[in-house]
Amino acid sequence: MTNSKIENRKSVVILGAGAWGTALANLAQINGHQVCLWSRQGSQTLETVLSDAEIILSAISIKGVSSVAALVKSFPLSPETIFVTATKGLEPQTTCTPSQIWQTEFPDHPIVVLSGPNLSQEIEQELPAATVVASKNTAAAQMVQLVFSSNRFRVYTNPDPVGVELGGTIKNVIAIAAGVCDGLHLGTNAKAALVTRGLTEMVRIGNIFGAKTETFYGLSGLGDLLATCNSPLSRNYQVGYQLAGGKTLTEILATLPGTAEGVNTCRVLMQISQQQNIAIPITEQVYRLLEAEVTPQEALDELMLRDIKPEYNQ
């Protein structure tokens, strides 16, 4: 190990030992950092692993974020500790994003969002990938960038954490729709139209949260959308594909490895849509499909028969 690597060595704790947490742990470890991968089922106590943590990265599913954040808060931490969230989803009870949950618990600590077109299986195979780390605290984002950057994982910084986080969250719903599209063998034209209009929907929702439009045209928006809408490795895509094949949501989720966050996200987005009165037609049809209110073909018909309109609102 070179002297510069030793000098810049960080103590990194990764919460969540699933496929994504493990992939990120490996990336940091290869760069020479001291990494501890923690899970509720593991033998190490949280207090022990947090004792000298400089970076705490959360890769747990959205349903566990609030309880783990509250648990972390009960232990003493250095005021310099940086939190990184790599969770994609929205909390059903509050409609909060993961970074908002962490920031509420740790108002004086920098929070960094990590998101991008990052299918964990491909990263584990050491295939090239890129991601975005976003924070209001530029120095914190740059430190996280250095920890994870390598010749096979390119990390960009961004000053719009809400946009980066929402891109990675909302695209999961569009990926379910893309899986349906492929499962029904609707062709390339239909898929291209769906993904493009899905991106418009992502921007519309993001703007309500105060996200910047241009963020959604970057890696954490369009990039992640393309990855999950085109890969059978995506759990959300698999949900849609198998729904189109006639399986029920209960059957699909029973055999799916890991969590398809788009299912929960879709339900939360419908709450937000009703509160804010915003049109999210693709999300609405995915929701109706997940609730078994319509068949895949009926959902398609609803989208195709909407009132004709200009592509952009003037």
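Description of the structure in this document. Fair warning: this is a prediction, and the values are worked out from it, not measured in the lab.

Attention now moves to the overall build of the chain. Secondary structure summary: the chain contains 15 helices and 7 strands in total. Radius of gyration (C-alpha) of the chain: 20 Å, near the 20 Å computed for a compact globule of 314 residues. By the burial criterion, 52% of the 314 residues in the chain qualify as buried. Counting every atom, the chain has about 14,600 Å² of accessible surface; 52% of that belongs to carbon and sulfur. Mean positive and mean negative side-chain charge positions of the chain (21 and 27 charges, respectively) differ by 3 Å.

A separate point is the side chain of Asn236. Tracing the sequence through the fold places Asn236 in helix 11 (residues 235–244). Among all residues touching Asn236, those that are not within four sequence positions of it are Asn172, Ala175, Ile176, Ala260, Glu261, Gly262 and Val263.

Time to look at the pattern of salt bridges. Per the counting criterion, the structure on display carries 7 salt bridges. One salt bridge in this structure joins Glu54 and Lys10, with 3.9 Å as the shortest N-O distance. You can see Glu54 sitting in the loop between helix 3 (46–50) and strand 3 (55–58) and its partner Lys10 sitting in the loop between helix 1 (3–7) and strand 1 (11–15), a full 44 residues away along the chain. Given the relative accessible area of 31%, Glu54 is considered partly exposed. Lys88 is the partner of Asp224 in a salt bridge, and the nearest nitrogen-oxygen pair spans 2.8 Å. Pair noted here: Asp224 is in helix 10 (residues 219–229) and Lys88 is in the loop between strand 4 (82–85) and helix 5 (98–105), with a separation of 136 residues, a long-range link. Summarising the burial analysis for this pair, Asp224 and Lys88 share the class buried. Because the salt bridges share partners, they merge into one network encompassing Lys88, Lys171 and Asp224.

Further remarks concern a negative patch on the surface. Taken together, the side chains of Glu284, Glu298, Asp301 and Glu302 present a region of like negative charge at the surface. Counting residues per element, the negative patch draws most heavily on helix 15 (residues 296–304), at 3 residues. Of note, Asp301 is situated in helix 15. Overall, Asp301 belongs to the partly exposed group, its relative accessible area being 34%.

For the rest of this paragraph, the subject is the sheet that holds strand 6 (residues 129–134). If you walk across this open sheet you meet the 7 strands as 2-1-3-4-5-6-7, and the pairing is mixed. Strands with a single pairing partner mark the edges of an open sheet, and in this sheet they are strand 2 (34–38) and strand 7 (153–158). In this sheet, adjacent strand axes meet at a mean angle of 20° when their direction is disregarded. In terms of strand pairing, strand 3 meets strand 4 through 4 bridges, oriented parallel.

Below, the discussion takes up the pairing of strand 6. Most of strand 6 is tucked away: 6 of the 6 residues are buried. Residues Ala129, Thr131 and Val133 line one face of strand 6 and the alternating positions Ala130, Val132 and Ala134 line the opposite face, and both faces are buried. The sheet contact formed by strand 6 and strand 7 spans 6 bridges and is parallel. Paired with Thr131 across the two strands is Val155, which belongs to strand 7. Between the parallel elements strand 6 and strand 7, the chain passes through helix 7 (residues 138–148) in a crossover that is right-handed.

Moving on: unusual backbone geometry. Notably, Asn277 is not glycine yet its phi reads approximately 55°, a positive angle. Inspection of the secondary structure assignment puts Asn277 in the loop between helix 13 (261–276) and helix 14 (281–290). Even without a glycine there, the phi angle at Ala292 is positive, about 60°. As for its position among the elements, Ala292 is in the loop between helix 14 and helix 15.

In this section: the pairing of strand 1. Burial analysis of strand 1 places 5 of its 5 residues in the buried class, the great majority of the element. Of the two faces of strand 1, the one carrying Ser11, Val13 and Leu15 and the one carrying Val12 and Ile14 are both buried. The parallel pair strand 1 and strand 2, bridged by helix 2 (residues 19–30), forms a crossover whose chirality is right-handed. Across 4 bridges, strand 1 lies against strand 3 in parallel orientation. When the bridges of strand 3 are listed, Leu15 appears paired with Ser58.

Calculation notes
Residues numbered from 1 in each chain as written. Predicted model: local features only at pLDDT ≥ 70, side-chain atom pairs only at ≥ 80, totals over all residues. Heavy atoms only, no water. Helix = DSSP H or I, 4+ residues; strand = E, 2+ residues; numbered from the N terminus. Rg over C-alpha atoms; globule rule 2.2 N^0.38 Å. Buried < 20%, exposed > 50% of the residue type's maximum accessible area, 1.4 Å probe, protein only. Areas by Shrake-Rupley, 256 points an atom, 1.4 Å probe, with all protein chains shown as cover. Lys, Arg positive; Asp, Glu negative; His and termini not counted. Charge placed at Lys NZ, Arg CZ, Asp CG, Glu CD. Contact = heavy atoms within 4.5 Å. Salt bridge = Lys/Arg side-chain N within 4 Å of Asp/Glu carboxyl O. Patch = residues over 30% accessible without salt bridge, like charges linked within 9 Å, V, L, I, M, F, W, Y side chains within 5 Å. Pairing = 2+ DSSP bridges. Axes fitted to C-alpha atoms, helices over the stretch in contact; angles between N-to-C directions. Right-handed = clockwise from strand over helix to strand, strands pointing away.

In short, the description is geometric, and any link to function would need to be established separately.
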